[in-house]
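Chains, contacts and geometry: an overview
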Amino acid sequence: MASVSAPSQTAPAPTAPLQRGIVKMVLSGCAIIVRGQPRGGPPPERQINLSNIRAGAMARRAAQGQPDTKDTPDEPWAFQAREFLRKKLIGKEVCFTVEIRTALGREYGMVYLGKDTTGENIAESLVNEGLATVRREGIRGNNPEQARLCELEDQAKSSKKGMWSEGGGTHTIRDIKYTIENPRNFVDSLHQKPINAIIEHVRDGSVVRALLLPDYYLVTVMLSGVKCPTFKREADVETPEPFAAEAKFFTESRLLQRDVQIILESCPNQIILGTILHPNGNITELLLKEGFARCVDWSMAVYTQGAEKLRAAERSAKERKVRIWKDYVAPTANLDQKDRQFVAKVMQVVNADAMVVKLNSGEYKTIHLSSIRPPRNEGEEKNKDKDKRFRPLYDIPYMFEAREFLRKKLIGKKVNVTVDYIRAATGPGEGTPAFPERTCATVTIGGINIAEALVSKGLATVIRYRQDDDQRSSHYDELLAAEARAIKNGKGLHSKKEVPIHRVADISGETQKAKQFFPFLQRAGRSEAVVEYVFSGSRLKLYMPKETCLITFLLAGIECPRSSRNLPGGMQVAEPFSDEAMLFTKELVLQREVEVEVESMDKAGNFIGWLHIEGVNLSVALVENALSKVHFTAETHADRGKRSTAAATDPSLSTVCVLQIWANYEEKPVEEVVHVSEEKERVANYRPVYVTEIADTLHFYTQDVETGGQLESLMETMRAEIAAQPPVEGSYSARRGDYCIAKFADGEWYRARVEKVESPAKVHVFYIDYGNREVVSSTRLAAIPPAFSTRTLPAQATEYAFAFIQVPQDEDARADVVDCVVRDIQNSQCLLNVEYSGATCPHVTIQFGDTKDDVGLGLVKEGLVMVDVRKEKHLQKMVTEYLNSQESAKSARLNIWRYGDFRADDADEFGYSR
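I will try to describe carefully the structure that is included in this document. Computed from a predicted model, the values in this text were never measured in an experiment.

**Thoughts on helix α13 (residues 476-489)**
The first and last C-alpha atoms of α13 sit 20 Å apart over 14 residues, in line with the 20 Å expected at 1.5 Å per residue. Inspection of α13 places Y476, D477, L479, L480, A482, E483 and A486 among the buried residues, and these make up the whole buried set. Taken together, the buried residues of α13 touch α7 (297-300), α8 (307-320), β21 (372-373), β24 (448-449), α12 (450-456) and β25 (461-462).

Printed below as a string of structure tokens:
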């Protein structure tokens, strides 16, 4: 914008008073906008044109909607004059006098940098640099200031400064690009690198017009991740939203015509999103912190400076209730601190977005994961198979995977719960069910956000909210980022592969189906199962993974108090302590992985047998806790029943004092017998063994060195006989549990046992003398000659586990341990000592044959494993030695301890348990 001198007919004003202000904007080389100090809102402002000089006119874009008009380019040296003033004046205090005021209200005067006229005269500085010309036709000879301007102009001419230099100044004219043909490609080509820019205009607090340097692109940039109140225009009337003017002034006073750097981050729908970096701070964070803006989810994802900083700034403004948040009420404002954050134990996972937890007070509470939606049926799938009973856990794609992910990670473990909001109860609507009040929270274990982990695996989706809906997760941005990764990697719900189908047969109460399954379950011995539901203390519903079926299971050998239930004749009243028994069973086994032994079946198709969890027989545990009686049938069961009977028939074993169902029991007097027992001491009786196989579980198999010669002799004789009379290929029919001979990869025959038969081409065998397993074709199997059976020489491979050692459950960490042990002791002679018995095999310490160093202790020292603390007194010396080595490994940050002690004080973490 060019300035013109005051018209000659306008009389000069009397001596003008000195006024002060702060330069808000430089319009051109001879015009500025000065503002006052803010008092309760944006301050007044006025335009001051410099008297007696003229600078080149700045470029101007053609009026929109008028095709006849054209863009006007810069006049030579116009931009340089503007820049000279901008760098000198923007944001600085100046004083000025208004000498002339035209009829149209335009004001001309002298401007000085500083608080009085002793400061730099801006007009003189421009003329001296050759960036403005003196309007000589209006100069009076008796005016020393005007004479000074003429003198300075002559000096600039003689020095060939600025516009007086040779060349005419065409090189000073900018090539301004007002439009960009493909904004998205333009933004992508910059690769989110900071670009130098000048903020030319502020539309509102979060939208600016910037001149990108050095190519002079004039672009509109919206701040990523935030939105300020705006000015709404209706019928040519502009109405500001609350705090819109204040937000605009906040941004103007800090950025307008300042040198900044801009990171252009994205361009959705032709809108350029970016972050403006200024040496004094990030305007995006400042707007949020001062309550001038709110976070917006749709652009938060592209913000490159850390979305958590924006959320923290917004949270600070909400807590202080400043400006747009003056009426803000937090979603958890009515909760005490102890109810907002607490530690609880997970007792049950409900589908894929909720869980039942037990508080320290003993109270049970249902917690929903904030801001996520579990898998669900969409569209036509809801109407399929109307006649079939709908089971969400198995019939909704990925619901079972999501539930299993949470169950395996959380059941029985302590978690940190941070309540984000309480979702109010809703009544039933058209096509929508009623929902009770929900407590929605962020649940973490070992520093890992469970909802984020679930979303990142594609097993849940993130709920989208209205912008003014504040009831959301405190880690909402992390959830959105996790969902974006899952979509990009095509995981779970976002996969293009066929959805997994779970055909689970529910044979609860189905007598005919139960009869078909019974022989298989009975022959299987101990089978793996998951407790899906607890009907009472001794009645459960189990999911059998291998058989993919649901069964009703009754505990053998005990008589538990019955819970209340509906009968044809009315409600059956619950027996005393039935609720306590059911609660005990729930806390011990609900949704846990257990082992069951099916022994019989009742007329209703319910299976009866024994249930074990971590070495504990549930029947015995109920009796020992005085929550059940021993049933007379316990004495007729197998040896397991006899053992439980011996442990449980005496009510005095239930508790030290008389409790629960034995409250009225009268104990018969017995003679006191004083037992004198000597404290057991650890026996170190190391014997030589040969380590033949290391399993992935870190169990290993050994042969006794003493009987090694017998095995070699037997193998030689057996192979000679087989060579003389080779078996007919394909004649052997493999059956599970049978002993046979199998041809190994080296072409030799070895004794083996059939573990599983998938098909004639896939038979799983276990080499009984060496401990390794293999899947072979039945053509490589043959019947074992009677002279070489296990009666002649028992199986030579004995399974053992390391004593005092807890193997990491993390796959990578466990693989490191196994590799280390394989390198150290496989196919070598060592010394072995049994320390204590285990659930499946003895636990031993093993020493190197030459150095006599403890192999397990070495693994602890290397930080490859953790110590399994045993309570037996005679083992405490060994346990202490192992624990000391573990502390040394922790201090040195070795292997699994490289990030410090990853275990919470009261909670197990992913992949590890104390």
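**Some details on empty space enclosed by the protein**
Inspection of every chain in the model, using the stated rule, returns two cavities of 30 Å³ or more. As a volume, the largest cavity reaches approximately 40 Å³. Around the largest cavity, the lining residues are I22, V23, K24, R35, G91, E252, S253 and R258. Listed by contribution, the elements that provide at least two residues to the lining of the largest cavity are β1 (19-28) and α5 (244-255). A class-by-class count of the residues in the lining of the largest cavity yields two nonpolar, two polar and four charged.

**Regarding the side chain of R258**
Within the fold, R258 resides in the loop between α5 and β14 (259-266). Despite its burial, R258 pairs with no opposite charge; the closest candidate is D259, at 8.8 Å N-O. Setting aside its immediate chain neighbours within four residues, R258 contacts R86, I90, G91, A197, I198, I199, E252, S253 and H278.

**Observations regarding unusual backbone geometry**
Here the bond from L213 into P214 is cis, since omega is 5 degrees, no more than 30 degrees from zero. For P214, the position within the fold is in the loop between β9 (207-212) and β10 (217-223).

**A short note on a negative patch on the surface**
On the surface, D810, E811, D812, D816 and D819 cluster together to form a negatively charged patch. Here D812 lies in helix α19 (residues 811-825).

**A look at the environment of A482**
Checked against the element boundaries, A482 lands in helix α13. Judged by relative accessible area, which is 0%, A482 ranks as buried. Sequence separation of A482 and A451 is 31 residues, and the distance between their C-alpha atoms is 9.5 Å.

About the cut-offs
Residues numbered from 1 in each chain as written. Predicted model: local features only at pLDDT ≥ 70, side-chain atom pairs only at ≥ 80, totals over all residues. Heavy atoms only, no water. Helix = DSSP H or I, 4+ residues; strand = E, 2+ residues; numbered from the N terminus. Expected span 1.5 Å × (residues − 1). Buried < 20%, exposed > 50% of the residue type's maximum accessible area, 1.4 Å probe, protein only. Contact = heavy atoms within 4.5 Å. 1 Å grid on protein atoms, 1.4 Å probe; cavity = no way out; pocket = protein on both sides within 12 Å on 5 of 7 lines; lining within 4 Å. Points joined across faces, edges and corners; volume = space filled by probe spheres on them. Nonpolar A, V, L, I, M, F, W, Y, C, P; charged D, E, K, R; others polar. Lys, Arg positive; Asp, Glu negative; His and termini not counted. Salt bridge = Lys/Arg side-chain N within 4 Å of Asp/Glu carboxyl O. Patch = residues over 30% accessible without salt bridge, like charges linked within 9 Å, V, L, I, M, F, W, Y side chains within 5 Å. Areas by Shrake-Rupley, 256 points an atom, 1.4 Å probe, with all protein chains shown as cover. Charge placed at Lys NZ, Arg CZ, Asp CG, Glu CD.

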